[in-house]
Amino acid sequence: MPLQTVLAVIVLWLAIALLGIAFARNLRIVAKILFPLGAAGALVLAAAGFAATLGGTASLVLPLGLPDLPFHLRIDALSGFFLLLLGSVSAGVSVFASGYLRPGEGNAPGLQCLYYHVFLASMALVLVANDAYAFMVFWETMALSSYFLVVSDHAKAEIRSAGFLYILIAHVGAVAILLCFGVLQGGTGDYSFDAMRKVALTPFWGTIAFALALAGFGAKAGIVPLHVWLPEAHPAAPSPASALMSAVMLKTAVYGFLRVMFDLMGTQIWWWGVIVLAVGLATALYGVIFSAVQSDMKRLLAWSSIENIGFIFAGAGLAITFRAYEMRSLAALALTAMLYHSLNHGFFKSLLFLATGSVLHATRERSLGKLGGLIHRMPWVAWLALVGTLAIAGVPPLNGFVSEWLLLQAFLFTPGLPQNYLNMFIPVATAVVVLAAALAGYVMVKFYGVVFLGRPREEKLVDAHDAGPWEKAGLLWLAAGCVILGLLPVSVIDVIDQVNRQLLGQGLGNSSNWLFLAPIKPERSSYSPLLFLAVVALVVLATWYLVRHFYHGRVRRGPAWDCGFPFQTARMQDSAEGFGQPVRQVFEPFFRMRRELPSPEDRAPRYRVTVEDHLWHWLYLPIGRVTEFASTLVNKLQQGRISVYLLYSFLTLIVLLFLVR
Amino acid sequence: MLTIAGIAAQLTELMLAVLLAPLFTGWVNMCRAWMQNKSAPPLLTPYRVLLKLFNKEPVLAQNASPLFRITPYIIFGCMCLAAAIVPTLDINLPFNAAADAIALVGLFALARVFMSLAAMDIGTAFGTLGARREMMIGFLAEPALLMVLFTASLISGSTSLSSIVGQLGRMELMIYPSLAFAGVAFTMVSLAENARIPVDNPATHLELTMIHEAMLLEYSGRHLALMEWAASLKLFAYSCIGIALFVPFGIADGGNWLGILISLPVLAVKLAAGGFLLALIESVSAKMRIFRAPEFLGTAFLLAVLAMLIHFLLES
Amino acid sequence: MALSLPSQFINLLAAMMLLIAFAMLSQRRVLTLINLFALQGLTLTLSTLLVAWATSQPHLYWSALITFLLKVLLLPWILHRLVRKLNVKWDIETLINIPMTMIVGIVLVILAFNLALPISALAGTITRSTLGIALAIVLLAFLMMITRSKAIPQVIGFLAMENGLFFAATSATYGMPMVVELGIALDVLVGMVILGVFFFQIREHFDSLDIRHLEKLKED
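As the structure is a computational prediction, the values presented were derived from the model and not from experiment. (Residues numbered from 1 in each chain as written. Chains lettered and ligands numbered in written order. Predicted model: local features only at pLDDT ≥ 70, side-chain atom pairs only at ≥ 80, totals over all residues. Heavy atoms only, no water.)

**Points about the side chain of E404 of chain A**
Residue and element names in this part refer to chain A.
In step 1: Within the fold, E404 resides in helix α16 (residues 399-412).
In step 2: Nearest to the buried, unbridged E404 among oppositely charged side chains is K349, at 11 Å.
In step 3: Contacts of E404, omitting those with residues within four sequence positions, involve F311, H341, G394 and A437. (Helix = DSSP H or I, 4+ residues; strand = E, 2+ residues; numbered from the N terminus. Buried < 20%, exposed > 50% of the residue type's maximum accessible area, 1.4 Å probe, protein only. Lys, Arg positive; Asp, Glu negative; His and termini not counted. Salt bridge = Lys/Arg side-chain N within 4 Å of Asp/Glu carboxyl O. Contact = heavy atoms within 4.5 Å.)

Written out as structure tokens, the structure is:
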């Protein structure tokens, strides 16, 4: 039944999309009826996904599509898990969106409703597609609908160019995926996934399929060096759309990669995993370092998504290597870590993107340098964002920590690999994971501290207002998700273990009980977030009580200490650039920096620093120049005279006639 | 594991740690004064300072948010948990399983994040400066610390601190070059993490060189007392980790009271020696510029990596 | 796997030598570099002595003595004198920045350890597991020669490489025959003298010891 339920939800979403056009300009109906309805559908979808992880697979043929080429659909534990992610995250985002839509921002609300729900439906369809044709159709629908969400504010030139970059790289990736399916069908001509599972590829063709899958799905997920679209496109979209793109759409790419690598492809070679691991680690480090120097809050979060995708791919790489060596329970551990992290990232990243949306609405300001002190004006948003901040910073007892803990445990088992070089290199490479995780803490302190804490850097921030009830509800749902995923890891892992069993034929040798999370062996490692939280909370309460009881609870307010320099303004707090300065200095070779320093005589001194991505200059601009050169060559064909064009057609016809004969 | 006796032993250990941590700080200050030819403050000074601070009325900046007020309690709670996790007297206590070595690093990270956020809350230039530097030290120190813990866990095949200590304590007595390197790396990391010379100076109030103190500038009264107490606890916990990893002899195993009674004086002697060593290091080295810290911690990281590699080559 | 006490100490000394090799790689001052070189020589002497004592190989005492005289006393003294004569106490310039060098160094160590594994499995000496470290020291010294742009650090790199080779010989086969060892010692000494003369020549021609000037000697 789960598959039918999923289809029903998809039909509901499409109907909502159509209703959105019907009531294109009626904000009340769109925001207060259609979006909450979509959220209810999302909850049903999440339940169906959960049911699918427990009960076996089911498939279905939809009599749609081209003649003789119907859509094959299938639901199993893997797609069930990702449907669970999609449903549970988008429920919160949809509720938030119903409070977020405003008249006069970008497209009409009905159009946004259309794109948004088509986007949701296409993501759900991607997750249940069971043949290459259906997969590609839904994949492209997903790309296009999200493109329209990105350019929803299309009056601005930079948003249009961000959208163009996004759609360009999405299509390059789609071509790679298409070719990958072409290799996977192995000459049988049957493009259904069921047929692909039966094909045994030679190592050579397997390697080509692997490379194409990594490039294609990696382009969508934003791995280095295919990440350039992500920090442009995600901030450009309205906040609920950014949240969905970062939190869910990137995960469909992860899903596709897992589907190809662990399900469709029979055999695996160990060094594929090493490549994925290396790419993942590079992506994580690159993403977090750039995230630390951003001064636009949504760009900062977009770069941080790149970092998290890096962690997810690193886990996938480990899983591939372990599986290639038939160490299946360890592969299950690595896979658990990456799936858990996908789920976590879905929750905390959407929470933070939505919080920036509320801040944006309250202040009309995205630049970190002009925010500050919002915890006093927007306490709800600030405290809920704190949950997301701590979760993404990877500190216990919230959810980000659990997946990082699992990933590190998986890394710690690598000395057991039967390969001398790997079992020395990979443990050392663990340092990259730790470094990136610690830098993520740095980034999130910067984000939260500059936006919500301190004093307002601009006068107008005093008028900022807290989020409305719908927005609060959406944020609350996601924050609760972060807390629950953090505190009950054992139950979550039970769900993920079903995916392990499906993909690896073996689950995690889980010796955990309800209190202690202990993968593999309990004496090897254990972690109990509940006990952790209980002890800290008890000590906090006991201390609070004892201090109040034995001393006093008096408090006096006074001005902050000015260090003997009374002329301090709010602008003297660290700006975003200032807070990023240590990272700029320590990781200088990563950046392409331009500094403008004022001379000592300047009457109005200005200090400016711009930080750019080397890869943009080393990789993309040369490709762009080559393309431009090629197109000027092609341009010579364009003469403007009708007779010349007729000549082209004529020549083409002659050549074709010769060829076909 | 979760028996009444076990929990009682755990609570005893926790109370001892909380009560004795300021004594350890006092001992370090005393040794440092001796080495620098000053007349030493009495051993109990930290307690008097705490008592005085608790009695005083805290002054909050006008801009302080509730986050600023709850942070001292949270940090104190984190450090108490850290002191409970680290095997000090007995390696088989109930809370030990709640968090392994990685979770311990996460716990310190939690405290650090809260402290930095609280420092940014008032919105003065110094608070943010301290927060930024503290987070920088954090991301430089954590990889090195994790490498040290990984080396220890590779030797013992576990990341749970009590298993590591049990395993290391049972090993036959011989020279482990990897542990020697890891020990030096750990010492360097602990100096940085506990805001000691050469990375930070616990006694400075010169604004431009402060890291830890810059974050505490706005705290007063009971809040400051809790922060100071938490700092003592952190130093105590780090010393105990060092002791547990590198001189793991004489720690009780099995949770009987006699063993704990015996291990108490052993721990006291080891802590006294450790405090003396810390004071010695602080007296003979000079405070570094802040941007030398990456090199300092990079060296620690290198040592930890070498420790791991040498373990692979020579000891496996 | 209980190792005997001497071999534990030899392992420790080997680890120390590796650490010194890294310290040399990251060192920015010429004088400290020379002192580190002398320290490495001293460690080598000690480990040779230990091997000699543990395995009762009398000829190794002589090697230890030669090492001590040559690498701890004579060569550092010559180098100190050279530095003073040439007045080149400046900081060393590196061609790649130091953190990058360190990371390359770690990669080299992993390579060396893995390359040495099959060889040390063949060797039957009590010190065989240190062979990987010896190889790593050779490679690190080579790396130091590559990344430094001044002549004196390059020479020190060359000498450190010889230290590594000597250590490899001790750990794999309890040292080379005396004749070979004496020959190498003499070679190193002669090489040092020639290089010393060479330094003066370079400086006279280019007024600097930067070996990048030597690129000008190329005919176009």
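On we go.
**Side note on the interface of chain A and chain B**
In step 1: The interface is formed by 74 residues belonging to chain A together with 81 residues belonging to chain B.
In step 2: Both faces considered, chain A and chain B share a buried interface measuring about 6900 Å² in area, 73% of it formed by carbon and sulfur atoms.
In step 3: Here chain A is connected to chain B by three salt bridges.
In step 4: R556 of chain A is the salt-bridge partner of E57 of chain B, the closest N and O atoms lying 3.1 Å from each other. (Buried area = accessible area lost by both parts, 1.4 Å probe.)

**Thoughts on helix α19 (residues 489-504) of chain A**
All names here are of chain A.
In step 1: Over its 16 residues, α19 runs 21 Å from end to end, which matches the ideal 22 Å to within 8%, given 1.5 Å per residue.
In step 2: Its axis deflected by about 30° at V495, α19 carries its strongest bend there.
In step 3: Within α19, the full set of buried residues consists of P489, V490, V492, I493, V495, I496, D497, V499, N500, L503 and L504.
In step 4: In the segment just after α19, G505 is the residue with positive phi, at about 75°. (Expected span 1.5 Å × (residues − 1). Bend = angle between axes of the 7 residues up to and from the residue.)

**Things to note about the interface of chain B and chain C**
In step 1: Across the boundary between the two partners, chain B contributes 15 residues, which contact 22 residues of chain C.
In step 2: Interface area, chain B with chain C, both sides summed: about 1800 Å², of which 82% is carbon and sulfur.
In step 3: By the criterion of area lost to chain C, the three top residues of chain B are I175, L313 and L314 of chain B, representing 34% of everything that side buries.
In step 4: At the boundary of chain B and chain C, one finds zero salt bridges.
In step 5: Joining chain B to chain C, the criterion identifies zero residue pairs in polar contact (both at pLDDT 80 or more).
In step 6: Those elements giving two or more residues to the side of chain B that touches chain C turn out to be α7 (177-193) and α11 (293-314) of chain B. (Polar contact = N/O pair within 3.5 Å; in protein donor to acceptor, adjacent residues only side chain to side chain.)

**A look at the packing of helix α5 (residues 131-147) of chain C against helix α6 (residues 151-173) of chain C**
Residue and element names in this part refer to chain C.
In step 1: One way to put it is that α5 packs onto α6 with a least axis distance of 8 Å and a crossing angle of 170°. Taken together, the axes of α5 and α6 lie roughly antiparallel to each other. Between α5 and α6 lies a crossing of left-handed hand.
In step 2: Here the residues of the contact of α5 with α6 are counted per class, giving 18 nonpolar, four polar and no charged. (Axes fitted to C-alpha atoms, helices over the stretch in contact; angles between N-to-C directions. Parallel < 35°, antiparallel > 145°, perpendicular 65-115°, else oblique. Left-handed = near helix turned anticlockwise from the far one by under 90°. Nonpolar A, V, L, I, M, F, W, Y, C, P; charged D, E, K, R; others polar.)

**What about the pattern of salt bridges?**
In step 1: Here the structure, examined in full by the defined rule, presents 25 salt bridges over all chains.
In step 2: With a shortest N-O distance of 2.8 Å, R366 of chain A and D296 of chain A are connected by a salt bridge. A residue pair is termed long-range when its members are at least 10 positions apart, and R366 of chain A in the loop between α13 (328-363) and α14 (374-377) and D296 of chain A in the loop between α11 (270-292) and α12 (297-324) qualify at 70 residues.
In step 3: Here D296 of chain A falls in the buried class, since its relative accessible area comes to 16%.
In step 4: Here R196 of chain B and E282 of chain B are joined by a salt bridge, their closest N and O atoms 3.0 Å apart. Of the two residues, R196 of chain B sits in the loop between α7 and α8 (212-216) while E282 of chain B sits in helix α10 (residues 257-284), which places them 86 residues apart along the sequence. One exposure class covers both R196 of chain B and E282 of chain B, and it is buried.
In step 5: Linked by salt bridges that have partners in common, R74, D76, D194, R197, R259 and D263 of chain A make up one network.

**Considering the domain arrangement of chain A**
It is common to give the size of an interface as the accessible area that goes away when the parts come together.
Residue and element names in this part refer to chain A.
In step 1: Here chain A is described as being made up of domain 1 (1-267), domain 2 (268-549) and domain 3 (587-660).
In step 2: Taken over C-alpha atoms, the centre of domain 1 sits 23 Å from the centre of domain 2.
In step 3: Contacts between domain 1 and domain 2 engage 60 residues on the former and 55 residues on the latter.
In step 4: Counting each side, the surface lost to burial between domain 1 and domain 2 is near 5000 Å², with a carbon and sulfur contribution of 75%.
In step 5: Of all residues in domain 1, F81, F96 and F262 bury the most surface against domain 2, accounting for 15% of the area lost on that side.
In step 6: Our enumeration of links across domain 1 and domain 2 arrives at two salt bridges.
In step 7: Here E471 makes a salt bridge to R102, at a shortest N to O gap of 3.0 Å.
In step 8: In this assembly, domain 1 and domain 2 are joined by 19 residue pairs in polar contact (both at pLDDT 80 or more). (Domains from an automatic or database assignment.)

**Section: the confidence of the model for chain C**
In step 1: Scored by pLDDT, chain C comes out at a mean of 81, with 86% of its residues at no less than 70.
In step 2: ipTM for the predicted complex: 0.94, alongside a pTM of 0.93. (pLDDT = per-residue confidence, 0-100.)

**Digging into the confidence of the model for chain A**
In step 1: Looking at chain A, the pLDDT average stands at 90 and 99% of residues meet or exceed 70.
In step 2: Here strand β1 (residues 58-66) of chain A is the element of chain A with the lowest mean pLDDT, 83, and helix α15 (residues 379-392) of chain A is the one with the highest, 95.

**With respect to helix α2 (residues 45-55) of chain B**
Because an α-helix completes one turn every 3.6 residues, residues spaced three or four positions apart along the sequence face the same direction.
In step 1: Among all positions of α2 of chain B, only P46, L50, L53 and F54 of chain B are buried. Down the axis of α2 of chain B, the buried side of the element spans an arc of 100°, and every buried residue falls inside it.
In step 2: In this structure, the buried residues of α2 of chain B make contact with α20 (529-550) of chain A together with α1 (4-35) and α9 (221-246) of chain B. (Arc of directions from axis to C-beta.)

**Structural notes on unusual backbone geometry**
Residue and element names in this part refer to chain A.
In step 1: With omega at 5°, the peptide bond leading from V224 into P225 counts as cis.
In step 2: Structurally, the position occupied by P225 is in the loop between α8 (203-221) and α9 (230-236).
In step 3: In this structure, E326 is a non-glycine residue whose phi angle is positive, near 60°.
In step 4: The residue E326 is located in the loop between α12 and α13 in this model.

**Some remarks on the environment of G580 of chain A**
Residues and elements named next belong to chain A.
In step 1: Its location among the elements puts G580 in helix α21 (residues 576-586).
In step 2: Separated by 287 residues in sequence, G580 and V293 have C-alpha atoms that sit 4.9 Å apart.
In step 3: Non-local contacts of G580, meaning those with residues more than four positions away in its chain, are made with A292, V293, Y442 and K446.

**Focus on the packing of aromatic side chains**
All names here are of chain A.
In step 1: Using the criterion set out here, one finds 42 aromatic pairs over all chains in the structure.
In step 2: Ring centres of F401 and Y527 lie 5.2 Å apart, and the angle between their planes is 70°; on these two criteria the pair is classed as edge-to-face. Remark: Y527 occurs in the loop between α19 and α20 and F401 occurs in helix α16; sequence separation between them is 126 residues. Like F401, the residue Y527 is buried in the burial classification. (Phe/Tyr/Trp six-rings, centres within 6.5 Å; stacked < 30°, edge-to-face > 60°.)

**Overview of the side chain of N130 of chain A**
Residue and element names in this part refer to chain A.
In step 1: Position of N130 relative to the elements: it lies in the loop between α4 (109-128) and α5 (132-150).
In step 2: With relative accessibility at 3%, the residue N130 sits in the buried group.
In step 3: Only 3.5 Å separates the side chain of N130 from the side chain of D194, close enough to count as a polar contact.
In step 4: Filtering out sequence-adjacent residues up to four positions away, N130 remains in contact with H72, L73, R74, S192, F193, D194 and R197.

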